[in-house]
Amino acid sequence: MPTTRLAHRAALKDARVNIRLQDIADSLTDVIRMGRGDPDFDTPAHIVRAGQEALAKGATHYTHAQGILPLRQAIAKDIVARGGASYTPEQIVVTPGAQQALFTVALGLLDPGDEMVAACPGYHPYHQAAELAGARVVDIRTTMATNFTLTAEMVEAHITPKTKIVVVVNPSNPTGTVTPPEEVARIAEVAKAHDLLVISDEIYAQLTYGGARVQPVASLPGMAERTITISGFSKTYAMTGWRVGYFAAPADLVPALAAIHNGLAISTASVSQHAALAALTGPQDCVEDMRRTYDERRAVLCEGLRAMGIPYAEPQGAFFVYANVASVGLGATAFCEKLLREGKVLVFPGVVYGDYTDDFVRLSLTQPVEKIREACARMAGVVAAIRA
Ligand SMILES: Cc1ncc(COP(=O)(O)O)c(C=O)c1O
């Protein structure tokens, strides 16, 4: 079909590098995949069982547009238990993944011409969501010198009369770094001073390491009325395929945002909502087990990178390590392709996340320790061959 039949907003871009690399990986055998942010763990058995039981009992219909009430009650309780704001179930909208939450929120809050400021590199779908709304993301370039975290000064320097929203993704995808609680509080003060909304994406908040702590934005003074909290079950409970996430928003914004969600999805899959309810109300040791496992993998991968002389941002959260391969002597995108074809290790270059350099690669901690050791050995071989 000629591209002229497409709307401007759908203009075809070159196939994304990550998709191209995945296609190459699919054509090879014995690839160690550390590309996508999809936990290698299966969803814990008690959550799967709850889904199966719900199906058997007839959870095969549409639900309330905002999600089943017990799940919204459990989400509200969980947010408070983790130091977040106090929300009523009416303020919560359960969505098919946090992904649809962020698109719904962007469509509901951004007018054409509006700006949203966000860390760069960052989670790139925020750009796509803003563009679909006719708005745009203004990139705040962060650096390894400050471990890629946003500061209040950086946010303030990028605010224009068109700015409507500050996006805080904490811990960060792709860098795996955590913005310190005191800095989150200072960013909140900037948002208040400039009368801005904040989207606080806390999907990785329960996966932190080395004592790092995530400050929920909405529980800071005066922030509940200007913050939309986005989170989900994909990462914490290894539930990516169930497609269930949520947003929690100020009461005055919810009816319009919920109507957009209803228009896009009608409701989130009933079976997935019941599984998510079991995730929140069941035993939580599975979360700690996975967190501890990621932490062990993090140590092994960081040691491997150090041995190769490859610097990386201090990973404090999520399950990513963001490494600077500039010293290897090849751009990061070319390096990823070489590493894949010759070392059979799949990682993604930072450009996938909008990085303004081609120096970094994101490595996901989604392989067992032995595989990560093997990946490091293969990578060391490729690096040595390039440097030779
Ligand atoms: C920062 C961030 N937000 C949102 C999402 C979307 O997650 P899901 O739609 O699986 O809940 C992701 C997925 O990688 C993410 O990294």
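Residues numbered from 1 in each chain as written. Predicted model: local features only at pLDDT ≥ 70, side-chain atom pairs only at ≥ 80, totals over all residues.

Details of the environment of Arg-136
In this structure, Arg-136 sits in strand β4 (residues 136-141). Residue Arg-136 is classed as partly exposed on the basis of its C-beta count, with 16 C-beta atoms lying within 10 Å. The spatial distance from the C-alpha of Arg-136 to the C-alpha of Ala-279 is 35 Å, given a sequence separation of 143 residues. What Arg-136 contacts, discounting residues up to four positions off in sequence, is Glu-115, Ala-130 and Glu-131. (Helix = DSSP H or I, 4+ residues; strand = E, 2+ residues; numbered from the N terminus. Buried ≥ 20, exposed ≤ 12 C-beta atoms within 10 Å, placed from the backbone. Contact = placed C-beta atoms within 7 Å.)

Examining the site of the ligand
Lining the immediate environment of the ligand, one finds 13 residues, of which Gly-97, Ala-98, Gln-99, Gly-232 and Ser-234 sit closest. A per-element tally of the shell around the ligand places helix α4 (residues 97-109) first, with three residues. Tallied by class, residues from the shell around the ligand come to four nonpolar, eight polar and one charged. (Near = placed C-beta within 6 Å. Nonpolar A, V, L, I, M, F, W, Y, C, P; charged D, E, K, R; others polar.)

Some thoughts on the sheet that holds strand β9 (residues 320-324)
In space, the three strands of this open sheet follow the order β9-β12-β11, with antiparallel pairing throughout. The sheet is open, and its two edges are formed by β9 and β11 (348-349), each paired on a single side. Relative to strand β12 (residues 360-364), β9 runs antiparallel, the two sharing five bridges. Bridged to Phe-320 within β12 is Ser-364. (Pairing = 2+ DSSP bridges.)

Here we look at the nonpolar core
Note on soluble globular proteins: their nonpolar side chains tend to be buried together. With 121 residues, the main nonpolar core has Val-105, Ala-106, Met-116, Val-167, Val-198, Ala-323 and Val-361 as its most contacted residues. The biggest single contributor to this core is α4, with eight residues. Two domains share this core, each providing at least three of its residues, namely domain 1 (3-43 + 285-387) and domain 2 (61-281). Discounting chain neighbours no more than four positions away, the residues touching Ala-323 are Leu-305, Ile-310, Tyr-312, Phe-360, Val-361 and Leu-363. (Core = buried A, V, L, I, M, F, W, Y, C linked by C-beta atoms within 7 Å. Domains from an automatic or database assignment.)

Side note on helix α11 (residues 332-343)
When we look at burial in α11, the residues that qualify are Ala-332, Phe-335, Cys-336, Leu-339, Leu-340 and Gly-343. Projected down its long axis, α11 carries its buried residues within an arc of 130°, all on one side. As for α11, its buried residues are in contact with α1 (17-26), β10 (345-346), β11, β12 and α12 (369-387). Directly after α11, the chain includes Lys-344, whose backbone phi takes a positive value near 55°. (Arc of directions from axis to C-beta.)

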